[in-house]
Structures are given as structure tokens and as C-alpha cells.
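Here is how the chains run, residue by residue.
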Amino acid sequence: MPDKIEAAAIHRVLERDVPLSRSVIWRLQREFYMQRGLKAWTEDMVPQYITNNPFITEIYARIVADFFSDCAGHGDATSRENPLRILELGAGPGRFSYLFLRHLTALLRERNISPQAVRYCMTDCAESAIQAWRENRYLAEFVATGNLEFARFQVGDPIQLPFLDRKSGPLVVIANYVLDSLPQDAFVIHQERLREALITTESDAAQPAHGPEDFSRLRFSYQNADVSPDRYSDSAWNGILEIYRNRLTSATVLFPSSALETLRELRERTDGSMMFLVADKGYTHEDALALCQRPPTIELHGPNCFSQMVNLDAIAKYFQAQGGAAMLPDKHSTGLNVCAFVQGRGSDRFPKTSVSYREAQERIGPDDVFTLLAWLNAHMDEMSVPQVLSMLRLTRWDPIAFSRVFPVLARQIKSAPAEHHDLRTAVMKVWANFYPVHPSENAVAFQCGVVLTELGRFEEALAMFQTSERILGRSAATSFNMGLCSQSLGRLPEALAFMTEACELDPAFEPARAARLKLAGA
């Protein structure tokens, strides 16, 4: 994004020389999410897949389960009355929450721990999102068991959550692709001198008569200003800036002030251990900050929706300054980074959590899977059934990945009898992870039904087509396939009724017409 534009193109100055964290851009983004709610993901297509899939939720579930065990070793006894509290910031469409709870409760049962010892709270700034969660049939499973609740909360606002009223017991905070959308400050370091980059925001469009500013018409420039050694009220924050000033010869450093303030408040809400689990883009190592030499950049994802890189190294230094520990990936990627920050009481250590995190980092990660899937897009038509199974196994049975390979899989099933058992298992595991975000994903039930029909699993296929009909409504194709299943199961009157229905829904559907005539004459 350009730092300067010609003066003749400027229509209005929205702000001049203000700290980045107090810029108008954050208000515009907050209003976008509050107004759009879940439509930000279902219609505006704000990116969310890489942190909302079975692969990453399995990683998180293992880390949290081991944190649970470490806390028990510290004397943080958990129970239905004094549970492990898990707070998700910016839960968005809810797919992560659902899959995570499925994996975590299963893991706890394997370890003979009652899932009732866990409470999970999904939060978002949009009331419409919370209402959608309340009406969501998938999330209702965990609401009914008492594991899940919902609350409205905007990160950066004073924390007023009944979920956190009880201070006793450990706390886990989850933030996936949240920190990159929170207010932060910017500092420029050059030859041991620290200055703050103050932002000026201008628009090359006239004042809108209705609605918000058009973010795409905004232009930004920065002016460096001297900064006091006591820039922040928290001496730990100032200490981090001082470390950067002494160690970095030249760099533009973003400082996650809003995230750190929220973490400070959350730490006061528990007298036990706390873990902060993050998946976000940004810098996890101090030496990577030296690569940032230009003014802060803003990446647009949609109307008035943007993100910036996150200084995860600063969060690590903050936890360490408070006596905690940071678990960071070894790689220096600025793409998706999964980090865990922990803090206990006194000499508390988290050996099981550390081992679980390190094992996850040594294996293939969610960003690796995402990269491989992007490369596979151009080669989907060349995949064999064994390769499809390997890909689904790699994604931990992701329904979106299944839907992408369905066309190539469907035409090969009959010629791959050796894989029929594994294919049936794959379909069932994929379906267990189904949680639709975008309407196009609702085709998964129908696709599972087609594969099961080709495998000769007619009873299971019929149930899938019935589910598809409930989700998508009646269609000639669904009725026809239910008719095929009923016919194969020997239920001829039922099959005839389905074929008749298919013909009524689409009189030109020749396969249904032929099947109806054959069944009527039987």
C-alpha cells in the first residue's frame, strides 16, 4: 500500500499523526465485523479455512489435554464445579470450536477424565453471530452437555464475562487469526534510536452520504516522532521496546498493545495456570524483525476488513518477563504460526504441554497441509483412489478436501475394489467432521451418499441422501438415488415412490423415468 499520494488526489484528512493503535481504521474494521456477523465468512469470504479444519483442531486438542494433565500435577484440581475454562476469542463461524470440542472430549474420555471438567466459551463482537451459534444444530450437542456457552466480547474492551467470574482453576485462551486484526502500535529503530511511527489517514473519495468509509479509497502515510522511555504504563512493555532498541540496528517493529492489554486482564481472572494458544501470521523470532524496514503494511481481505503481521516475539517476551514460558516454532515462516504461551504459579512447569507442542511442530503442520493442497489443485484429475485416501488421511478427514476430490473419486470407485473398505471408513470419518460454513459445503452429504452407493452400502447411503434432503431440500437427483438404494435393499414400493417423486421434480430426468417404468411393471 503506498505511503504517499499526490496532494491533488486528497479529498479529506481523517486523522493526522496519531499512534497506529488509535487510528480510525480499527473502528472501521470493528464496525464491519459487527454489521456483517457470520456473513463476513459465508458471503464476504474472509479467509478462515486454514484455522478451521480437523487437522489443526486435533493439534490443539492434544496440547490442551496435556496442559490439563500438567495443571493437575500443580494441584489445580478440576471438576464439574471447578472446570478447566477455555475461552475462544473471535470464534467466527464456529467450525474450529465444534471440531476442537469433539477431539478434546474424546481424548479426555480415553484418559478416563470426565468431559464435564471442561467449559468452553465462544466469543464474538457481533450479536448476530452469537444468535446464529445458539441456533446451530452442531454446536447444540455441546450446549446440551453443559460444555459450551456463548458470550459477546470485543477484544480490547473491558472484560465483563460471567464465564470468568470464578477465578479459581486453570484458563486456556485461544485466538486464531484474531491478533492480526487487533490495534497495535508501530516503532522505527535506527542506530539505537527508537521513534514511534504516527499514522495519517486520508481519503481520495468524498464523504459518504450513508454507510462507512470505503477502506479501499484510504491512503496512509507515517511520520516518525520521538518516544518517551515510559511510552506505556506497563514497565514490561517498555522493557521489550528497550530490548529491541539495543539489539536491532534498523527495523520497523509492530507492537501488539491491544493483545497484551487483553492478556494482562485475563491473567487477573485466574489464580491458577494459564495458557494462550495462538495461530496467526507474524514474526516469532526477534531476528526476523530486522527484515521489516518499510512502513507498516495493511492486507485487505474484503470491504473494510484487513490484517497486519503480528509480533509474536513480543508476546513471548511478555510472558517470559512475567515468569512464564513461550513455545514457538523453530521455522522462521511469516505464514501461519502456532504458538503456545504458558504461565503458572511460582515454579510450575508444563512438561507434558511442552512435549505435545514440540511433537506437533516436528510433524507436518496445518500450513504445510494448506500448501500441499494448493499445489494439488492442478493435479486433482490425475489422482488415483489410493492417493485420494492418502490426501484425506493427511487432512485428518476434512470434508472440504473430500468435496474437492469427489469428482475424481466417484468415477474410479468401481475399478478399485481393494480400497472399498478403506473408502467406507474414510466417508464415515469425513462425515463425522462435517460442519458447514458456506452453503456450497452442504453438498457433502449427497457426495458421501454417492460414494456409499457405489460401495454397495445402501442402508448407509440412504441415510446420507435423507440427510442431504433435509439440508438442501428435495431434488430429482436425491430422490433418484434414494430410489436406487431402496431398490437394491429390496424395498420396491418405496423405490417406486422415490422414482415417481424424482420424475415429478424433473419430468425430463430420463434415468428416473426409465427406472419408474421398470418398477411399475415389476
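Residues numbered from 1 in each chain as written. Predicted model: local features only at pLDDT ≥ 70, side-chain atom pairs only at ≥ 80, totals over all residues. Heavy atoms only, no water.

(A) Structural context of the overall build of the chain. Within the chain, the regular secondary structure consists of 20 helices and 15 strands. For the chain, the C-alpha atoms occupy an extent of roughly 90 × 65 × 40 Å along the three principal directions. Relative to its 522 residues, the chain shows a buried fraction of 55%. Of the contacts formed within the chain by residues at least 6 apart in sequence, a portion of 76% connects residues at least 24 apart. When the accessible surface of the chain is totalled, it reaches about 22,400 Å², and 51% of it is carbon and sulfur. Taken as two groups, the 54 positive and 63 negative side-chain charges of the chain have centres that lie 3 Å from each other. (Helix = DSSP H or I, 4+ residues; strand = E, 2+ residues; numbered from the N terminus. Buried < 20%, exposed > 50% of the residue type's maximum accessible area, 1.4 Å probe, protein only. Contact = heavy atoms within 4.5 Å. Areas by Shrake-Rupley, 256 points an atom, 1.4 Å probe, with all protein chains shown as cover. Lys, Arg positive; Asp, Glu negative; His and termini not counted. Charge placed at Lys NZ, Arg CZ, Asp CG, Glu CD.)

(B) Focus on helix α15 (residues 420-432). Counted at 1.5 Å a residue, the expected span for α15 with its 13 residues is 18 Å, and the 19 Å between its end C-alpha atoms agrees. Residues of α15 that are buried: Leu423, Ala426, Val427 and Val430. The buried residues of α15 occupy one face: seen down the axis, they fall within an arc of 100 degrees. Structurally, α15 contributes buried residues whose contacts are with α13 (385-394), α14 (399-410) and α16 (444-454). (Expected span 1.5 Å × (residues − 1). Arc of directions from axis to C-beta.)

(C) Highlighting the nonpolar core. Counting residues in hydrophobic clusters, the biggest one holds 97 residues, and the most contacted among them are Ile86, Phe100 and Phe402. Residues Cys121, Leu179, Phe187 and Ile189 belong to the second largest nonpolar core, which totals 52 residues. (Core = buried A, V, L, I, M, F, W, Y, C linked by side-chain atoms within 4.5 Å.)

(D) Examining the packing of helix α19 (residues 492-505) against helix α20 (residues 510-520) more closely. Two numbers describe how α19 lies on α20: the axes approach to 9 Å, and their chain directions differ by 145 degrees. α20 is crossed by α19, and the crossing has left-handed handedness. Where α19 approaches α20, its residues Leu492, Ala495, Leu496, Met499, Thr500, Ala502 and Cys503 are matched on the opposing element by Ala512, Arg513, Ala515, Arg516, Leu519 and Ala520. Residue composition of the contact of α19 with α20, by class: 10 nonpolar, one polar and two charged. (Axes fitted to C-alpha atoms, helices over the stretch in contact; angles between N-to-C directions. Left-handed = near helix turned anticlockwise from the far one by under 90°. Nonpolar A, V, L, I, M, F, W, Y, C, P; charged D, E, K, R; others polar.)

(E) Looking closely at helix α5 (residues 127-134). By the burial criterion, the buried members of α5 are Ala129, Ile130 and Trp133. All buried residues of α5 project into a common sector of 100 degrees when viewed along the axis, lining one side.

(F) Main features of the packing of α13 against α15. Remark: α13 packs on α15, axes separated minimally by 11 Å, with the N-to-C direction vectors making an angle of 30 degrees. Note that α13 runs across α15; the crossing there is left-handed. Between α13 and α15, the residues in contact are Val385, Leu389 and Leu392 and Asp422, Leu423 and Ala426, respectively. Here the contact of α13 with α15 is composed, by residue class, of five nonpolar, no polar and one charged.

(G) Main features of the confidence of the model for the chain. Looking at the chain as a whole, its pLDDT mean stands at 92, while 98% of the residues score no less than 70. Here residues 1-8 is modelled with pLDDT under 50, and outside its nearest four sequence neighbours on either side it reaches 11 contacts, counting other chains as well. (pLDDT = per-residue confidence, 0-100.)

(H) Representation of the state of the cysteines. One pass over the full model with this rule turns up zero disulfides. Between Cys125, a free cysteine, and Cys305, which holds the nearest cysteine sulfur, the sulfur-to-sulfur gap is 11 Å. For Cys125, a relative accessible area of 8% gives the class buried. Residue Cys503 stays outside any disulfide, its sulfur separated by 17 Å from that of Cys485, the closest cysteine. On the basis of relative accessible area, Cys503 is assigned to the buried category, the value being 6%. (Disulfide = S-S within 2.5 Å.)

(I) Layout of the pattern of salt bridges. Across all of its chains, the model carries 31 salt bridges by this definition. Ionic pairing is found between Lys331 and Asp367, a salt bridge with its closest N-O pair at 2.3 Å. Note that Lys331 is positioned in the loop between β14 (325-327) and β15 (336-343) and Asp367 in helix α12 (residues 366-376), a separation of 36 residues in sequence. Note on Asp367: relative accessible area 12%, which makes it buried. Across the salt bridge formed by Arg474 and Glu501, the nearest N and O atoms sit 2.9 Å from each other. A residue pair is termed long-range when its members are at least 10 positions apart, and Arg474 in the loop between α17 (458-472) and α18 (476-488) and Glu501 in helix α19 qualify at 27 residues. (Salt bridge = Lys/Arg side-chain N within 4 Å of Asp/Glu carboxyl O.)

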